[in-house]
Every structure is written in structure tokens, then in C-alpha cells.
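# Observations on the model geometry
Residue strings, one per chain:
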Amino acid sequence: MGEDGESPKINHSFLRDYVTEADVISTVEFNQTGDLLATGDKGGRVVIFQRETESKGESEELGESGEYNVYSTFQSHEPDFDYLKSLEIEEKINKIRWLPQQNAAHFLLSTNDKTIKLWKVSERDKRPEGYNLKDEEGRIKDISTVTSLRVPVLKPTDLMVEVRPRRIFANGHTYHVNSISVNSDGETYLSADDLRVNMWHLDITDRSFNIVDIKPANMEDLTEVITAAEFHPQHCHLFVYSSSKGTLRLCDMRESALCDKHSKIFEEPEDPGNRSFFSEIISSVSDVKFSHSGRYLLTRDYLTVKVWDLNMEKGPVETYQVHEYLRSKLCSLYENDCIFDKFECVWNSTDSVIMTGAYNSFFRMFDRETGRGVTLEAWRESSKPRAVLRTRRVYTGGRRRRGDVGVDSLDFTKKILHMAWHPAENIIAIAATNNLYIFQDRVNAENL
Amino acid sequence: MFSKGTKRKFSDGDEEISDESLVGARVASSYSLQRQSLLDMSLIKLQLCHMLVEPNLCRSVLIANTVRQIQEEMTHDGSWHMVAEAFCSAGQSPSERLVATEVLCRSREQDAEPKLFSVISYEGCREEEVVADETLCSVSVSDTVSNVCLAGRIGQCWEKSELSGVERDEEALEDSRLGSGEDEEIDTKDRASTESPKTIGQVFGTFEIKNGSPGPDSALEELFSDVDTSYYDLDTMLTGMQSAPKMGPYDILDSLAPSHSSPSIVSTPNCRSDLNELDHIMEIIVGS
């Protein structure tokens, strides 16, 4: 019902787009069950979406899968000012990470450039009624009017979502925080800035351990910065961090307190044929993600996504070209600073598909089993709600098909930098500037 | 587009074979021009970094590495001129000129080439100005700044004198005085950014009081060993010091004690006065 008569081969469909008009979205993250989706924006706000539970009995009925609606909105970070350096501190939310759920409340970490905050998101749907000393509006009663005692009773009330800051982890970073990652031990997390990685305990805000420090004694010698860091999903002693030179370093915290010396370093030797002045810039890793299995690493540099096997350091096991047609345009992209754009990359729930963003509102998905990639578009004008997404193509030569986009007509202001994949199902959230798109894969073979 | 070794196809049939060398020179000069414009662009980007309130360190590092890479290549090509050794004003003494140098990582040629130091830019450089070599030498003498950096520049001067006719780009052809082995006239008509871009060193904290360099004065180091120098490092420099918000690049340098010459590897007396200056600024801010 409600299905357009599209080709059954293309099985991606467009559920709904949620427009957050206010600001540019800077991070997107599902929680561990996928029921909650958090977005952070440049204005320091966090918006949490909740998936509606399927109320109908026949959950396979088309169009009845849970949709995401706004659950809560709060201001996470405010603009700040560093008086010592006469610097503004942006309130933009760089990363959000959910903690594994332990009780009825949900916890998430959000960070801007300097400060990490732990937020508690809880629901309240009952309130006590029948106080002895206060009346219904909360005013103190006149004692003389109290003739009998009663026990206050909890009565159901409209659902209220409360968000409160529980911890503020401040003053841990001199440079800009680019990553946070919750440890599998459930007690600690790491935060990484350009030159250092710190480890925090979730309950302790006035102290953190510095576990990586690559700041040189003489800043003139600085040639490499940390670009991303993540804990291993199962081993609480392992973490990885990526650098602007395209290297990945796996560190084992059991080896030493300060993990400046890596356990493993993953580096691909440079291709001499492709060498240019921009080689280093485009090799800079903008995002690194462990696979759910913990066996592989996914990295994104400017032109490619790469899959690395933790057991093999000498090079990636898979390389996918995201937009190789930009290689001849690197100088212009350097001029307009696009070459410094930091794209994220994500795994699907089974580690069989990887996804990353590109320009012109395009994003790319690669099927690891077949090695094939597909280009999709997150752009409202070309999709109707509940329509099936059609694949797009950038024309790079050969036979030109209708709908192909030329390289010179790509819009470099429409970049898909941030995205998330549902931990269990094929639902993806794509941030396109100030719009959030949620796409769902509909396997509609049996249901038609 | 700027891949190394890219050559255009030469399809003009009128050219004689004897003009091949000229063709080669043209192609090479076109590559040099492109490379130079990339260098200019990078230096401007670095300068803009200074003006931003919150510069992105990753971007700065990547741009700086690109500049270094170009410099290395230009140095090995022999086309690296002393960039913009002009004075802000004629009356300024050499010691007032702010000189920032930067150490290139490593010389590719294994032989006894002197350690290469590059002078990327000077404050207030002007076009069309030619500086006699002895000025450089006098700077090195009068400065108490580490001899290492300036000696390197001198070394490059002398090295320049041995390169004869290597340069192929247009300016080199015009300036045939290079390679004379005499006092070299440094051609500052270089196309490098004329707007006094910041040097790599300045970007990353040439003003760093941190004594990271082989400190000439260990006593001084002991004295300040427990001082938290994190205030004085990269971010402070990138953001234009504490004394005034959002200063332009000139202001940054002006706000330091004018007696300072080279901020890069700060010598003892300079270091002390720098610290006094910063203490003074800190007092004003803290209001103590």
C-alpha cells in the first residue's frame, strides 16, 4: 500500500525527511538499540529522535515501520570565550556518543572543541499527588485546614523528557577535540584532540589520563596531527588513532601508561605514480571506525575509503574510490579549501556494507562482497516521501546516460560529512547541511 | 594538475630542434610558475590562519607541510631565492627586523651539503627591493639569537654562489648576477606573497619561550622549569597573544618588545625580556 510502482530491483526507499531549519548538523549518532537518534548542530543544540514503536500487530505491513520523531531538544554547549588567549570557543557539537543503557535513563556524551558533557535523558510520566502540607499548586497549606493525613500517590501524567547535565569534563584539552569514544568497559572513555588523547573515567571530572601525546618539544617541528580516535568495540585495552599523514596506530594500554609508542602501525606505501604536492593532504585520514566484529578498521581519506585488517599492517585489504574524478581537480579544491573537508564513514550492522559521503548531496555505499559501489542522493527536490531512491552517477567518460551529473556541475557546498547507520537494521541517517534524512531499506519482495 | 614531471605536449611544428632547450626551459618554467603560485596560495592561507580566531591546526599543518615540500623541491632545483629580504623601513636596524627561520627536515642529497635552512618570509617585505648579502651577515653577527638558524641562511648564501646557471625560470634568467660568487644580490622581486605572510615557524610558535631548542642557558631553564609554558605555545601564537584580541599579524609582532630580533630560537636575553613582557601582559589581564 502506498508503494510507487518502481522497479523492485532498487530496494531503498525514502521514509521521511526531517528538516531542522535552525542550523547545520555537525554530528549524527544512533544509540546501541537504534531506538534513539541524536544530532548535534553548530549552534550547540542536541536534538534526539525516537523511533515510534510499531503499534500495529502486522509489523510487516508496508509503511508501518517505526518512524523517527523528535523526542527531546536541549542546548548542550554555549558559546564560550577563552580569556587567556582571547579566543572564542565554538559551541558546535563535534561528536555525540551514547553510553550503553543500564537503567531506564539514557546517557550520552557530547563535546565541542574543549568540553565534554555527560547528559542524562530520562522520562517522567508520573507525578506524586496528594501532599499533606502543599496544595495542588504547590503552595503551603494552612496547617489548621489539615484534618487528616494521607499518603501521596503517584499518578500518571503527560510524558515529560528531562535532560540534565550530569558531568562536565572541562579543561582537558588545549587543542580542538575531534573524537570521543566510549570504552567497552562501560566506565571510561577517550577524547582526542589534535595532539593528545586523554582517557577519562565517567565519574571523575577533575582528572584525566593522557595516553597519547604527539606534541613535539618545539612546535616548529610539528608535521602531523591526530585526526580521529576510537576504542576497540570488545577489547577495552585497545584503541586506534589516525593521523594527518594517513597512518593508523593501534595502541595497547597494557603495554605502558603513555601510549606514544604504538603496538601496530598501519600505513600504505605511497603510490609513486600518483605523487603530487597534494599527496599528503589527500592521504590525511578524516575518520576511522572499527567494524562491529572488531576485526577490521574503516578509514576515510579524501578520495577513498579503505578497509584494513587488524592483522595486516602493510596496507588496506580493500580500497574503494569515492570520487576519483576529483583527482585532477585537487588544485582548485585546495584553493577553495574543500580538500580539507572531513568526511565520516560508517559500517552497516553486519560489516558487509560501508558508506561515506561526498559532494553534491551524494553519498556512496560499497558492498564489500561484490566490491560494487552505488551513489545515492540526499536532496529533497529529487525525492518524494516514500519514493524509492534512484541511484545517481557522475559522468566521467563513456556513454552519458540521462541523469548523469558532470564533474564541473557538482555543487561543492552541498557536502555529506556526517552520517550514521542503525546498529541492527538497514536504516541510515544522513546529515545534509541543516537537513536530516532518514532512509530505510525496504525488502519488499514477499510483501508485495 | 601539479603532479611532478607533468609536461605539456609541444606541438608547434615551427620550432627547430635547436629550440628544444628553450622549450624545455619553457615547460620547466611553467611548472615552476605553477609551483610558485601554489606556494603563494599556501602562504596566504597560512597567513589567513593567523587572522582567524580559532585556526584549524590540522589544516595549518597540512598547508605548512605543502609549503615545506615545495621549498625542498625548489631548493633542490636551485631555484629557491632568498625570499623578500626587505626592510619595513629604511631606518630600521637589522636587530629590529623580525627574522623567522625554519629547519627543513632533511637534505635529500646525502653529500656534504650544509643543513638547509629556509627563510620563508620576512615581516613587511616589499617588491623590487634588493638586499646586499652583507646585511644578512651583519644580522647573524649582531643577533644573539642562535647561530644555528642564521648560519644556515648564510650557508645557503654561499651555496647559492656555487650554483651557476641552474635556475631556469624567468627571474633567474634576468638576474644573472646569481652565480657570480660575489656578494649576491638577493632578488626580492620574488613572487612570493608580498603581504608578509607568516613563516612556518611563526605559525607553529616561533615565539615559543619554551626552550625546546638546545638551550644555551641551562640555568635559565632551571629557573623556569616549573613555569607552565603552555600559554606560550602554538595556540597563543596562532591567536595573536594575550594582549589584544583579534590582532592582525603586524600587531602581533609589534606587541612584543621591539628590541627583539628573532623570535624563533630565542636567546637568553631575549627570552628573559619576553617573559617579562608576557608577565606584564598577564598582570594586566589578571588585574593583580
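Look a little higher up for the structure.
Residues numbered from 1 in each chain as written. Chains lettered and ligands numbered in written order. Predicted model: local features only at pLDDT ≥ 70, side-chain atom pairs only at ≥ 80, totals over all residues. Heavy atoms only, no water.

## Describing the overall build of chain B
Under the convention used in this document: Helix and strand assignments follow DSSP, with helices taken as H or I runs no shorter than four residues and strands as E runs no shorter than two, numbered in order from the N terminus. Under the scheme applied here, a residue whose accessible area is under 20% of the maximum for its type counts as buried, over 50% as exposed, and between as partly exposed, the area being computed with a 1.4 Å probe on protein chains only. Any two residues whose heavy atoms approach within 4.5 Å at even a single point are treated as in contact. Residue-level accessible areas treat just the shown protein chains as cover; the underlying method is Shrake-Rupley with a 1.4 Å probe.
From N to C terminus, chain B includes 10 helices and 4 strands. Walking chain B from its N terminus toward its C terminus, one meets helices and strands in the order α-α-β-β-β-α-α-α-β-α-α-α-α-α. Classification of the 288 residues of chain B by burial places 53% in the buried group. The long-range fraction of contacts in chain B, counting pairs at least 24 apart against all pairs at least 6 apart in sequence, stands at 76%. Carbon and sulfur atoms form 53% of the exposed surface of chain B, whose accessible area is close to 12,900 Å².

## Points about helix 2 (residues 57–77) of chain B
Residue and element names in this part refer to chain B. Basically, it comes down to this: In this analysis, the expected span of each helix is defined as 1.5 Å times one less than the number of residues it contains. What qualifies as a polar contact is a pair of N or O atoms within 3.5 Å, subject to a donor-acceptor requirement within protein and to the restriction that residues adjacent in sequence count only when both atoms come from side chains.
Under the 1.5 Å per step criterion, the end-to-end length of helix 2 is 30 Å for 21 residues, consistent within 8% with the ideal 30 Å. When you tally the buried positions in helix 2, you get 19 out of 21 residues, the bulk of the element. Where helix 2 begins, one side-chain oxygen reaches toward the backbone nitrogen of Cys 58, 3.1 Å away; that side chain belongs to Asn 56. One or two residues past the end of helix 2 sits Gly 78, with phi positive at roughly 85°.

## Quick word on the pattern of salt bridges
Residue and element names in this part refer to chain A. The test is simple: Salt bridges are identified by distance alone: a Lys or Arg side-chain nitrogen within 4 Å of an Asp or Glu carboxyl oxygen.
Counted under the stated rule, the structure contains 31 salt bridges over all chains. Close ionic contact of Arg 139 with Asp 135 constitutes a salt bridge, the shortest N to O distance being 3.5 Å. Its relative accessible area of 52% is what places Arg 139 among the exposed residues. It is possible to trace a salt-bridge network through shared partners that takes in Asp 23, Asp 41 and Arg 45.

## Looking at the sheet that holds strand 5 (residues 68–75) of chain A
All names here are of chain A. Using the following cut-off: Being paired, for any two strands, means DSSP has found at least two bridges between them. Axis geometry follows a simple rule: fit a line to the C-alpha atoms, using only the stretch in contact for helices, then measure angles between N-to-C directions, giving values from 0 to 180 degrees.
Strand order in this open sheet of 4 strands is 2-3-4-5, and the pairing throughout is antiparallel. At either margin of the open sheet sits one strand with a lone partner, and together these are strand 2 (25–30) and strand 5. Across the sheet, the mean angle from the axis of one strand to that of its neighbour is 20°, orientation sign disregarded. As judged from the 5 bridges shared by strand 3 (residues 36–41) and strand 4 (residues 45–51), these two strands associate in the antiparallel manner. For Ala 38, the partnering residue across the bridge sits in strand 4 and is Ile 48.

## Quick look at the packing of aromatic side chains
Residues and elements named next belong to chain A. To be explicit about the condition: Only centres within 6.5 Å qualify two rings of Phe, Tyr or Trp (six-membered ring in Trp) as a pair; their planes then separate them into stacked at under 30 degrees, edge-to-face at over 60, and tilted for everything else.
Evaluated as defined, the whole model comprises 17 aromatic pairs over all chains. Between the aromatic rings of Phe 266 and Trp 308, the centroid separation amounts to 6.2 Å while the plane-to-plane angle is 80°, which identifies the pairing as edge-to-face. Placement of Phe 266 in strand 19 (residues 264–266) and of Trp 308 in strand 22 (residues 304–309) is noted, with a sequence separation of 42 residues between them. In terms of burial, Phe 266 and Trp 308 fall into one category: buried.

## Here we look at the sheet that holds strand 23 (residues 318–321) of chain A
All names here are of chain A. What the 4 strands build is an open sheet, ordered 20-21-22-23; its pairing is antiparallel. Of all the strands in the sheet, the pair left with one neighbour each is strand 20 (287–290) and strand 23. When the angles between neighbouring strand axes are averaged without regard to direction, this sheet yields 15°. Sheet analysis places strand 21 (residues 296–300) next to strand 22, joined by 5 bridges and oriented antiparallel. Paired with Leu 297 across the strands is Trp 308, a residue of strand 22.

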